Number of protein chains: 4
Amino acid sequence: MIKVGVIGCGYWGPNIIRNFSQMSRTEVSRVADLDQERLAHIRKLYPFVQTSTMSQEILSDPYIQVVAIATPINTHFELARQALEQGKHVFVEKPLASSSQQARELIQQARKQERKLMVGHTFLYTSAVRKIKEIIKSGELGDIYYINAQRLNLGLFQKDYNVIWDLAPHDISIVLHLLEQNPVSVQSFGACHINPAIEDVATLSLDFGNNLIAFLQMSWLDPDKVRKMTVVGSEKMLVYDDIQPAEKIRIYDKGVQGPKYYDSFAEFHYSYKYGDILIPKIDGGEPLQTELSHFIDCIEQDLTPLTDGENGLQVLTVMEQAQSCLQNRRAQNKEAE
Amino acid sequence: MIKVGVIGCGYWGPNIIRNFSQMSRTEVSRVADLDQERLAHIRKLYPFVQTSTMSQEILSDPYIQVVAIATPINTHFELARQALEQGKHVFVEKPLASSSQQARELIQQARKQERKLMVGHTFLYTSAVRKIKEIIKSGELGDIYYINAQRLNLGLFQKDYNVIWDLAPHDISIVLHLLEQNPVSVQSFGACHINPAIEDVATLSLDFGNNLIAFLQMSWLDPDKVRKMTVVGSEKMLVYDDIQPAEKIRIYDKGVQGPKYYDSFAEFHYSYKYGDILIPKIDGGEPLQTELSHFIDCIEQDLTPLTDGENGLQVLTVMEQAQSCLQNRRAQNKEAE
Amino acid sequence: MIKVGVIGCGYWGPNIIRNFSQMSRTEVSRVADLDQERLAHIRKLYPFVQTSTMSQEILSDPYIQVVAIATPINTHFELARQALEQGKHVFVEKPLASSSQQARELIQQARKQERKLMVGHTFLYTSAVRKIKEIIKSGELGDIYYINAQRLNLGLFQKDYNVIWDLAPHDISIVLHLLEQNPVSVQSFGACHINPAIEDVATLSLDFGNNLIAFLQMSWLDPDKVRKMTVVGSEKMLVYDDIQPAEKIRIYDKGVQGPKYYDSFAEFHYSYKYGDILIPKIDGGEPLQTELSHFIDCIEQDLTPLTDGENGLQVLTVMEQAQSCLQNRRAQNKEAE
Amino acid sequence: MIKVGVIGCGYWGPNIIRNFSQMSRTEVSRVADLDQERLAHIRKLYPFVQTSTMSQEILSDPYIQVVAIATPINTHFELARQALEQGKHVFVEKPLASSSQQARELIQQARKQERKLMVGHTFLYTSAVRKIKEIIKSGELGDIYYINAQRLNLGLFQKDYNVIWDLAPHDISIVLHLLEQNPVSVQSFGACHINPAIEDVATLSLDFGNNLIAFLQMSWLDPDKVRKMTVVGSEKMLVYDDIQPAEKIRIYDKGVQGPKYYDSFAEFHYSYKYGDILIPKIDGGEPLQTELSHFIDCIEQDLTPLTDGENGLQVLTVMEQAQSCLQNRRAQNKEAE
């Protein structure tokens, strides 16, 4: 039985605790949080778990092999670094750290200690994204032209970081996973309406070269709840609508083909293909369970996690570029005032 | 009875002919087009209309007071210029011309000749946009935070200009109309998948200063047909879905308010307001009829058209900035290869 | 060129005139209607058509081979009877007549005169219904369990007949066509809210024996416009939503299988099958054109129309049974007062 | 602290246990079920609850004041009767009993023992139905013309009773609650496709006199999950779509008015009113909590439950009439074979 310590039991931590508790291979032995009330709540649900306001008690417990970190972003790095130093395998909620530099240090540390480091890009473990990945890999969509994603809703403001740090890790991690490459350039655009230094609505434009692009939009201020991603390929197109309870993926047998040959006198001709739409059945299952189970597999069988430190670093690199864009913009606006 | 000449009877021209024919104050006396087949079709529908492949016959007909131009974009300027020179009132399909410089010349010409110049930003004459304008003016939405617009579909490729020149005039004209100001900066992003020099998918980021922004997205390659605009205000939010046959506008009584005061020790608090949704009844009516009727009113009563040359110039200015962004991007990509 | 006379050019007649005018094999030579204004309108659109308020002029014109009848229901029989008597081929808008007795007389007359008699059950000529028919015939749905249909909207009240006579012929004709059998019993239920003797909302329950049933619902008083039909089979299920502009048919790879064997001690077990959903591409095309073209084919090649007199009789038989149910109910209610 | 005993912890029982556990005024002291595994599950979740396979232990426990029954329908009567006899207040899952005769006996028993008897028509405690009730009571819809309800899905077959006993209590209880009257006649129609003696699809036609009707449809065999109710009034119309996560109620400002006066020469004229649509905000909250809290209020303050025995009897009376219709139909079909 692998003993797990969980640091942070606010919004997401309890889900990690529940899943590690339900797995036959793991047990949660300690939980730490600064908030005594949250700890009391956990003790009521899991009477055998030891709780503390000191994360140090988890890090120094020699029986704990795995540490899961679900704390505010700015503490990820320090906690993960210490846990790796103590020889623990470490699972960190997304994003992996506050900067790509921090991510690089964690990767090195994990390598040095020969421990697993994994980041919670949970969407990559959903049935829907796995199905989409499978469809793209099969070549069914043809060459990918672009990806367009929206993640909009009203609410869930954060006070320490903007809507990009809150929502973009999801779509960036999905896009990088599906395209299997990193963007050559990233642009970002946004505005701060509620808090003067925190963007509450933003877009990201990712350029992968060769006319392959991705456009991401996120908002804390939209009246509709939207979580939609469109993948346009040369052969077929796919829409992933995560709000739909059952029909999350639609595959459109549509496409446009350019003219077969060029002729200076000829008219331009494109052929449009309108065809069937398929809504494939998607198996349910909690993605967090799949994710944490994969993490334990990686530890037991010495595999590389799908969302390892490198993956966390790639996502952070994109976010840093976006963030820097927004900061330049804010600086210019200040000057203009 | 005001005599009208129509140049161009391809895709949109026949609608102009039909509307001018049905109005009691106007009659279509001449139609010109390069395509004999299209002219034959028009003669069958309107036996009394004189047709010609020479637009000159319209321009030089002294009985014609009004010329409507529905030809390819790159001919707009020259035809409009000549028609104004001949003392005609001129209606030009959107966009007004191929450049802001051309637009400025047409405006001057119209002023000199004391003739009306109007551009076919038809959406401003729809019941939906008029209702939205009225709602915003009433202050019901509070301060506008941002506008987010998507105009996506599969098809209707153009061979001479990109998706921005095809689709963006609609949303740019709506956004400028609703916000009653011009952007201080415009960025654009896009890619060419079918034809190497023509963007088939693109986004525009409009910055109006003071954190008021607008995002526009357009695509010729999307499997879904989407024509949606979200207007987020400090008090309420509005979604305009032009695909809906009846329920085009939804007003959400939702909003977010920032913290009332700042206190270094206090937690951040936002209050969310979730309320009713109202779908106001919108009267039907063909917007082109409203538009052309307004044009004749302006001629008869010497009024300034809502979508006059200045308005056409403003839209073109935004498009030029976007176009220049895309061209820089294409140039950089070429270098990178 | 087959000469056609059209009697009635109110709501539906003009569509018949337009389609016969556009077909290369037919021309509309005469149109009759009691309303002079409607006739003037037709003359403007079709200058070569002769118009009259006397249907007799059509019936006695020896050059006219085909008569199309689009008049109020209570005149169908008399006009069709006379036209057949004069040796015309006759197309009658749905329903064929006001009673099954009348329908039988028309069938006999047509047989005696060796002329074609066809009723305008237009939905059978839509691409959607033809696709559904093809799917059912292929056995893809397995055994049909039941059909459930709704045709609801606000408006289009008739003053002379109830909602069943107005809307049910559509769904009855589709159901009989799909199932290829006639019900052994028909029940109906409804109520009169606006006009005391005219049901404005009603249901029909059709029993085909062997547990095969169909429910139809229709209303003139529903806030939503609904035109939906669900066909449940033992293997798959199909939903036909006629309001959808493009995605009219969905095939669900779902089903329920009963227990394989009975065992007094065993628990009951059903296996549910949840699978993919397919939205097949459906070709467009105006169904009335397909319908009238089929009628001319039947005349030229001496074929039996898909919606011949017998088919019209079957639909009327179901409607009469439903009507009789409703009348009994009204009578009982009167007594109760 | 009121002590509660719960009999039955299969599908719905655990929800009752959870709610009584979370209320500050009640505690669950005993749970009974025939299945040892279910009891073990309950002990794990609620270590202080005593469990038994003998419901007698609950009934004879003098400290238990309230008994909640969530067992198969055919056991409701006997368990409720005994519990009342032992002086307990009794909450029974819907339907109250297997027949109206049983319901009458329970009502009498409760009266004799001066104990509260309540049936779990949970939908009457949802925010949506309470809002609809409030809207109808306010007169906003005008006179109610009809109610049309559908409750369709694939699955959840029962082996002992048909789809009416499973699904209709919900809609019957809502309809009787909204209309505040009982039908003067009930008809039913259905068919058995999976199990030869159990209807898996059925309709109910309720006639309340004066042209007020309700039509209910239910199915275990529909590919779509539908839970929709339309209430048509003379002034406005309302659609309640329980599948919608947030927008459950829509109020349509539509209506039809009959002719103002009759005149033998006059044409029939109806005025249609098309207006705004309002989607009122509905508060969340678990209806079962509201329901059980209301039950405890009734006990503590000696009030009559909204869904008391009489209410349970009224629903059962409708169901019995429907059931008898279906049985006659089945008998006739057998004869016909």
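Above this text you will find the structure in question.
Keep in mind it's a predicted model, so treat the numbers as computed, not measured.

As for the interface of chain A and chain B
Consideration 1: Residue-level contacts link 54 residues of chain A with 53 residues of chain B.
Consideration 2: In this assembly, chain A packs against chain B so that about 4800 Å² is buried in total across both faces, 58% of it on carbon and sulfur atoms.
Consideration 3: Counting the surface chain A buries against chain B, the share from its top three residues, L154, F189 and P223 of chain A, is 14%.
Consideration 4: At the junction of chain A with chain B, the criterion picks out four salt bridges.
Consideration 5: When residues of the side of chain A that touches chain B are assigned to their parent elements, the largest contribution, seven residues, is made by strand β11 (residues 221-233) of chain A.
Consideration 6: Grouping the constituent residues of the side of chain A that touches chain B by class yields 29 nonpolar, 16 polar and nine charged.

Focus on the nonpolar core
Consideration 1: Ranked by size, the top nonpolar core spans 224 residues in total, and within it F20, I164 and Y240 of chain B together with F20, I164, L204 and Y240 of chain D carry the most contacts.
Consideration 2: Apart from residues no more than four positions distant in its own chain, F20 of chain B is found in contact with V4, T26, E27, V28, V66, A68, L292 and I296 of chain B.
Consideration 3: In this structure, I7, A83, A110 and L326 of chain C belong to the second largest nonpolar core, which totals 222 residues.

Topic: the packing of aromatic side chains
Consideration 1: All told, the structure shown has eight aromatic pairs over all chains when counted by the stated rule.
Consideration 2: For the ring pair F91 of chain A and F295 of chain A, a centre distance of 5.9 Å and an interplane angle of 50 degrees mean the geometry is tilted. Taken together, the positions of F91 of chain A in strand β5 (residues 89-93) and F295 of chain A in helix α8 (residues 287-301) put the pair 204 residues apart, joining distant regions of the chain. Each of the two residues, F91 of chain A as well as F295 of chain A, counts as buried.
Consideration 3: Linked through ring pairs, F189 of chain A together with Y146 and F215 of chain B together constitute an aromatic cluster.

What to know about helix α5 (residues 100-113) of chain A
Residue and element names in this part refer to chain A.
Consideration 1: End to end, α5 covers 20 Å across 14 residues, agreeing with the expected 20 Å (1.5 Å per residue, within 8%).
Consideration 2: If you check which residues of α5 are buried, you get S100, A103, L106, I107, Q109 and A110.
Consideration 3: Note on α5: the residue one or two positions beyond its end, E114, has a positive phi of about 55 degrees.

Concerning the sheet that holds strand β2 (residues 26-32) of chain A
The strands making up a sheet associate through hydrogen bonds between their backbones, and the pairing can be parallel or antiparallel.
Residues and elements named next belong to chain A.
Consideration 1: Read across the sheet, six strands follow the order β3-β2-β1-β4-β5-β6 without closing on themselves; strand pairing throughout is parallel. In this open sheet, the two strands that pair with only one neighbour each are β3 (50-52) and β6 (117-120). Sheet twist, expressed as the average angle between the axes of neighbouring strands with direction ignored, equals 25 degrees.
Consideration 2: Pairing of strand β1 (residues 2-7) with strand β4 (residues 64-69), which is carried by five bridges, proceeds in the parallel orientation. Bridge assignment links V4 to a residue of β4, and that residue is V66.
Consideration 3: Of the strands in this sheet, β1, β2, β4 and β5 touch helix α1 (residues 13-22), which is tilted by about 150 degrees from β2.

A few points about the side chain of D200 of chain D
All names here are of chain D.
Consideration 1: Structurally, the position occupied by D200 is in the loop between β8 (185-191) and β9 (201-207).
Consideration 2: For D200, which is buried and forms no salt bridge, the nearest opposite charge comes from R329, at a distance of 9.6 Å.
Consideration 3: At 2.8 Å, the side chain of D200 and the backbone nitrogen of H193 are in polar contact.
Consideration 4: Once residues within four sequence positions are removed from consideration, D200 is found in contact with F157, V163, A191, C192, H193, I194, N195, M218, S219, W220 and L221.

Rules used in this analysis
Residues numbered from 1 in each chain as written. Chains lettered and ligands numbered in written order. Predicted model: local features only at pLDDT ≥ 70, side-chain atom pairs only at ≥ 80, totals over all residues. Heavy atoms only, no water. Contact = heavy atoms within 4.5 Å. Buried area = accessible area lost by both parts, 1.4 Å probe. Salt bridge = Lys/Arg side-chain N within 4 Å of Asp/Glu carboxyl O. Helix = DSSP H or I, 4+ residues; strand = E, 2+ residues; numbered from the N terminus. Nonpolar A, V, L, I, M, F, W, Y, C, P; charged D, E, K, R; others polar. Core = buried A, V, L, I, M, F, W, Y, C linked by side-chain atoms within 4.5 Å. Buried < 20%, exposed > 50% of the residue type's maximum accessible area, 1.4 Å probe, protein only. Phe/Tyr/Trp six-rings, centres within 6.5 Å; stacked < 30°, edge-to-face > 60°. Expected span 1.5 Å × (residues − 1). Pairing = 2+ DSSP bridges. Axes fitted to C-alpha atoms, helices over the stretch in contact; angles between N-to-C directions. Lys, Arg positive; Asp, Glu negative; His and termini not counted. Polar contact = N/O pair within 3.5 Å; in protein donor to acceptor, adjacent residues only side chain to side chain.

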